[in-house]
Amino acid sequence: MSEIQAKPVFKPNKEFSKNARIKNMCEYHELQDWATEDYEGFWGSFAKEKITWIEPFTNTMDESNFPFVKWFEGGKLNVAAQCIDRHLDTRKNKAAIIFEGDRGDKQVITYLDLFYNVNKFANLLKNEFGVQKGDRVVIYMPMIPEAAYAMLACARIGAIHSIVFGGFSAEALKDRIEDAEAKVVITADGAYRKDKPYMLKPVVDEAIDAKSPVQKVLVVERNNEDITWVAGRDYSYNELIKHQSTKCEAEVMDAEDPLFLLYTSGSTGKPKGVQHNSAGYILWAQMTMEWVFDVKENDTYWCTADVGWITGHTYIVYGPLAMGATTVMFEGVPTYPDAGRPWKMVEEHKINQFYTAPTAIRVLHKMGEDEPGKYDLSSLKVLGTVGEPIDPPAWKWYYEAVGGSRCSIVDTYWQTETGGHIVSPLPGATPIKPACATFPLPGIMAEILDPQTGERVEAGEGGYMCVTRPWPAMIRGVWGDNERFVKSYFGDVKKDGKPVYFTGDGAIYDEDGYITITGRTDDVINVSGHRMGTAEVEAAIKKHPNVAEVAVVGKPHELKGEGIFAYIVLKSDSGIADEVEEVKAINNVIKKEIGNIALCDDMVFVSGLPKTRSGKIMRRILRSIAKGEAITQDISTLEDPSVVAKIASTVQSCVI
Ligand code: WT7
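As the structure is a computational prediction, the values presented were derived from the model and not from experiment.

Some details on the packing of aromatic side chains
Per the counting criterion, the structure on display carries 46 aromatic pairs. Both rings, one in Phe115 and one in Tyr116, keep their centres 5.6 Å apart while their planes meet at 55 degrees; by these two values the pair is tilted. An angle of 70 degrees between the planes, with centres 5.4 Å apart, marks the rings of Phe485 and Phe490 as edge-to-face. Grouped by ring-pair contacts, the aromatic residues Trp34, Tyr39, Phe42, Trp43, Phe46, Trp53, Phe57, Trp71, Phe72, Trp284 and Trp291 constitute a single cluster. Over the ring of Phe168 we find Arg176, and its NZ or CZ is 4.3 Å from the ring centre. The ring of Tyr198 has Arg193 sitting right over it, with the charged end atom 4.1 Å from the ring centre.

Given below as structure tokens:
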């Protein structure tokens, strides 16, 4: 406890607080008390205020079939219209998206431009490809404005998009296409990274075989490199878009019509298609944008995420556009041409809110400690972090060198499943402590519970991070698998006998009730803010013919947060002569099955794994060995306790 208590407190900047939407902790408590006392009144009121309804809702929430919850029933809206059309009266010439390419090329897209571009895109999907309401469309795109147009075009015609991060392999893409039964894929020939073209279309080609549900592929030509075109299947966006009308009626959608799927990793099996629906999601995307980043009318906001992750969905596209903000989209990497790139962009675009991941902060710190000092960063007001716990040294550098000890840092805690932030400081109100997500946002009944008793834990005790009431942006389902939805999120913790939403994360309160997230409690690891199921990586490694058994755990990593550590038992007849070659071969399998993001940092070949008599692998022991910790766990229940010493000595002698 003492360590947590000793954390210094940083009060919000007074000048900033004066104009903030939530100005102090009293205002925060008022909102949170309102939600506690009149939950439906609270949400109903914001839903009326924030959403431009085509038809008003009649029932704020229905939880009679919990955890299958419905929000704002009877309400009709269109999320693309919420993000674009309704701003045209007041903001038609305002920049909606400012794009900066890897090579420094720039493009400003006004709300009126966005309106026309999205309408044309929507017409293309509808009229040329026959995409209809409810159809699934996979988007496999680089960070270019067309990715945002594609998302909004789907929303406009009621199609359900499922974005697959561009770093995923053909196999991973294929699995997601098939699970969602997508009939259209939107991609690009490729894009630019570090001044060089890279390719995406060949991956799509590989992911589509004769049995694929995909009928059409739309290709945005970004880098004009040579690609293969399959006649009757592949079409050039650049050609087709020329002939589309700029008028496209927005489909009238029910509040609970699905908006998108986004696949994410769980502790078991294949990735799950997290489903978000229309009204609840867009409401919370907009509210959190306003509260947590406190973006003002003339501000320029930049989130460095990729649209392939939930952060890119909620905080590059949907949230900023729903509130009528200017959002920056960046194609490149933060360290190219040097580790001053983001700060140069902050200076040039006069960025007011900057949102990134601890991994990026650590890398930028390491590679360019003094870079921020070379630029004028005085436009910055709010700095955000997301994706993993941030360590105090990275926090300090971010606060001092980037924020000039003047900006609030919002350490936003949330997940793909929560749609938007759930625990976060409010920049004008919350006195912050380094590396601390602080308090639940107004309306979010987040609590740290004891998994056994379901009671709120005492300060310093640690427990499970839960949300005890459904909220509008809560995951609505796992695509095609209701049972998995219920089991994954509502099976582990009960409060007053009733199941509550469990995030999978551990957390702890300090003496002042501040929440610090301590990390996953399940077999999910977090590599550079990317969520990875150990089971998924193991399944990939097992595809190598020489592998008999494998166990994967996370190991703390200086830059990535966690690295992937694999313990591999080879088949006795595999006849491996060269371990280095074997490591390469296994990494190639991972690359093919998942992608480069899942490559192992450490791989050791061991003679056996620590298993209980019932055959369960004791990952805790493997985690300790990977960290180089002494084994304190009871190993007497293992089938063969001697295996532990053997593994430990192998690890000590050979780490790749
Ligand atoms: C997991 C969710 C949230 C968008 C990006 C990742 C971890 C996220 C924080 C934070 C500590 C964090 C959790 C969570 N996480 N934000 N501020 N402090 N941990 O989304 O891929 O769904 O991963 O990221 O472990 O469960 P995701």
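On we go from here.
Some details on the site of the ligand
Not every one of the 17 residues close to the ligand is listed here, only the nearest: Asp411, Thr412, Thr416, Asp505 and Arg531. In this structure, a nitrogen atom belonging to the ligand sits 3.5 Å away from a main-chain N or O atom of Glu388. Between the ligand and Thr412 there is a distance of 2.7 Å, counted from a nitrogen atom to a backbone nitrogen or oxygen. Mapped onto the shell around the ligand, the elements with two or more residues apiece are α13 (310-322), β20 (408-412) and β27 (515-520). Of the residues assigned to the shell around the ligand, the class counts are six nonpolar, six polar and five charged.

Side note on helix α4 (residues 39-50)
Taking 1.5 Å per residue as the helical rise, α4 with its twelve residues ought to reach 16 Å, and the 17 Å between its terminal C-alpha atoms agrees with that figure. Within the span of α4, buried status applies to Tyr39, Phe42, Trp43, Gly44, Phe46, Ala47 and Lys50.

Side note on helix α21 (residues 642-653)
Taking 1.5 Å per residue, twelve residues should reach 16 Å; α21 reaches 17 Å between its end C-alpha atoms and fits that length. Residues of α21 that are buried include every one of Val643, Val644, Ile647, Ala648 and Val651, and no others. Each buried residue of α21 sits inside an arc of 135 degrees when the element is viewed along its axis, so together they form one side. Those residues of α21 that are exposed and aimed more than 90 degrees away from the buried face are Ala645, Gln652 and Ser653. Packed against the buried residues of α21 are β31 (561-570), β32 (602-605) and α20 (619-627).

Brief notes about the sheet that holds strand β18 (residues 353-356)
A sheet is described by the order of its strands in space; here seven strands give the open sequence β5-β4-β17-β16-β18-β19-β20, paired in mixed fashion. Two strands bound the open sheet, and with one partner strand each, they are β5 (106-110) and β20. The sheet shows a mean angle of 20 degrees between the axes of neighbouring strands, taken without regard to direction. Note that strand β4 (residues 95-100) and β5 share five bridges and pair antiparallel. Looking at β5, one finds that Ile98 is bridged to Val108. Strands in contact with helix α16 (residues 392-402) are β18, β19 (382-386) and β20; relative to β19, the strand with the most contacts, it is inclined by about 160 degrees.

Thresholds applied
Residues numbered from 1 in each chain as written. Predicted model: local features only at pLDDT ≥ 70, side-chain atom pairs only at ≥ 80, totals over all residues. Heavy atoms only, no water. Phe/Tyr/Trp six-rings, centres within 6.5 Å; stacked < 30°, edge-to-face > 60°. Lys NZ or Arg CZ within 6 Å of the ring centre and 35° of its normal. Near = heavy atom within 4 Å. Polar contact = N/O pair within 3.5 Å; in protein donor to acceptor, adjacent residues only side chain to side chain. Helix = DSSP H or I, 4+ residues; strand = E, 2+ residues; numbered from the N terminus. Nonpolar A, V, L, I, M, F, W, Y, C, P; charged D, E, K, R; others polar. Expected span 1.5 Å × (residues − 1). Buried < 20%, exposed > 50% of the residue type's maximum accessible area, 1.4 Å probe, protein only. Arc of directions from axis to C-beta. Contact = heavy atoms within 4.5 Å. Pairing = 2+ DSSP bridges. Axes fitted to C-alpha atoms, helices over the stretch in contact; angles between N-to-C directions.

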